[in-house]
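Analysis of the macromolecular model
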Amino acid sequence: MAITYPRDFPTFNGHSIIEKMTIRQVSAVAIQQSPYTYTQQVHDYGGHRWEAEVTIRPLTHSEALVFQAFLISLQGQKNTFKLGNPLSVSDNADNDVVVNGSHDKGDNTVSFQIQSPHTVDEGMFFSLNDRLYMFLEGFSASPTTAEISPPLREDLSHGVNAVTNNPVGTWRLSTNEVDWDIDKAGIYSFTFSCTEAI
């Protein structure tokens, strides 16, 4: 059976294996500052992306075989996988929050419809078509126009589901090297860096 990409991130018995995760958003902004007056000029080039470092909990030999095969299948930076913050959970089900109207790639304000009694919190992650975003403001009324980050990665049509329960983005490894540690007790340790696939 052929492997398809982006791959789902491995879990064991339905549980996340992520022990620790650092996630950041990087913006393409340059600043020039006068050495005399300290006045500043800011240049926003519009680029934004997610980056992360992920540490996996200690794995047994049989678990590690699955995870190392997953990492090697990515072939360094070539192939992609789905990943999200494992703590990003909500009681919103599919289609409780949907895109209202059509929107263009690059928009950073999007109109949403939300089913009562559900709410969206400021700072909540969500995904649209396996692209990871964050709500920069909360809402419970419908329809509502909300600011998001990063700007839309693609054009969206009306009714696209905004996944708020275990949202994922599409990522690739940050380097072409994959390694892991094994101790004498047969416990495996994995840490890797990844970057949003745009």
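Below you will find a few notes about this structure. For every chain, the first residue of its written sequence is number 1, and the numbers climb from 1 along that sequence. At least 70 in pLDDT is required for a residue's local features to be given in this predicted model, at least 80 for side-chain atom pairs to be given and counted, and no such filter applies to totals for whole chains, interfaces and linings, which use all residues. The side-chain figures draw on all heavy atoms in the structure; neither hydrogens nor water molecules are used.

1. Here we look at the side chain of Arg153
- Going along the chain from the N terminus, every DSSP run of H or I of four or more residues is numbered as a helix, and every run of E of two or more is numbered as a strand. Looking at the secondary structure, you find Arg153 in the loop between β9 (144-149) and β10 (169-173).
- With relative accessibility at 17%, the residue Arg153 sits in the buried group.
- A polar contact of 2.8 Å, which involves the side chain of Arg153, links it to the side chain of Glu196.
- With residues up to four places along the chain from it excluded, the contact list for Arg153 reads His48, Arg49, Lys105, Arg131, Tyr133, Glu196 and Ile198. Exposed residues in this analysis have more than 50% of their type's maximum accessible area, buried residues have under 20%, and partly exposed residues fall in between, with area computed by a 1.4 Å probe over protein chains only. Counted as a polar contact is a pair of N or O atoms within 3.5 Å, where, for protein atoms, one must be capable of donating a hydrogen and the other of accepting one, and residues adjacent in sequence contribute only when both atoms are in side chains. Contact definition: two residues touch when any of their heavy atoms are within 4.5 Å.

2. Comments concerning unusual backbone geometry
- Pro6 follows Tyr5 through a cis peptide bond whose omega is 5°.
- Relative to the elements of secondary structure, Pro6 occurs in the segment before β1 (7-8).
- The step from Ser149 to Pro150 runs through a cis peptide bond, and the omega angle for that step is -5°.
- On the secondary structure map, Pro150 appears in the loop between β9 and β10.
- Unusually for a residue other than glycine, Asn13 sits at a positive phi of about 55°.
- Looking at where Asn13 falls in the secondary structure, it is placed in the loop between β1 and β2 (18-33).
- For Asn13, a relative accessible area of 77% corresponds to the exposed category.
- Phi angles above zero are rare outside glycine, and Asn166 is one such case at about 55°.

3. As for the nonpolar core
- Each nonpolar core is a collection of buried residues, namely Ala, Val, Leu, Ile, Met, Phe, Trp, Tyr and Cys, held together in the definition by side-chain atoms within 4.5 Å. Ranked by size, the top nonpolar core spans 24 residues in total, and within it Phe9, Ile56, Leu59, Phe67, Phe81 and Phe192 carry the most contacts.
- Secondary-structure elements contributing two or more residues to this core are β3 (40-56), α1 (61-73), β4 (81-83), β10 and β13 (191-196).
- Not counting residues up to four positions away in its chain, the partners in contact with Phe9 are Ile17, Ile18, Ile56, Phe67, Phe70, Phe81, Lys82, Leu83 and Phe192.
- In terms of nonpolar packing, the next biggest core, distinct from the first, is built from 18 residues, Val99, Val120, Leu128 and Tyr133 among them.

4. Re the packing of aromatic side chains
- Ring pairs are drawn from Phe, Tyr and Trp, using the six-membered ring of Trp, whenever the two centres fall within 6.5 Å, and their geometry is named by plane angle: stacked under 30 degrees, edge-to-face over 60, tilted for the rest. Within the structure shown, the criterion is met by 18 aromatic pairs.
- Ring centres 5.3 Å apart and planes at 70° place the aromatic pair Phe112 and Phe135 in the edge-to-face group. Placement of Phe112 in strand β6 (residues 109-114) and of Phe135 in strand β8 (residues 131-135) is noted, with a sequence separation of 23 residues between them.
- Measuring from ring centre to ring centre gives 5.5 Å for Trp180 and Phe190, while their planes differ by 35°; the resulting arrangement is tilted. Taken as a pair, Trp180 in the loop between β10 and β11 (181-182) and Phe190 in the loop between β12 (188-189) and β13 lie far apart in primary sequence, ten residues in all.
- Look at Trp180 and you get partly exposed, because its relative accessible area is 28%.

5. Regarding the side chain of Asn100
- In this structure, Asn100 sits in the loop between β5 (97-99) and β6.
- Filtering out sequence-adjacent residues up to four positions away, Asn100 remains in contact with Ser111, Phe112, Gln113, Pro143 and His158.

6. Quick look at the pattern of salt bridges
- Throughout this description, the term salt bridge denotes a Lys or Arg side-chain nitrogen within 4 Å of a carboxyl oxygen of Asp or Glu. Applying the stated criterion across every chain, the model contains seven salt bridges.
- Glu51 serves as the salt-bridge partner of Arg49, at 2.7 Å between the closest nitrogen and oxygen.
- In this structure, Glu196 engages Arg153 in a salt bridge whose closest nitrogen and oxygen atoms are separated by 2.8 Å. One end of the pair, Glu196, is in strand β13; the other, Arg153, is in the loop between β9 and β10, and 43 residues separate them in sequence.
- Beyond isolated ion pairs, a larger network of salt bridges with shared partners links Arg24, Arg49, Glu51 and Glu53.

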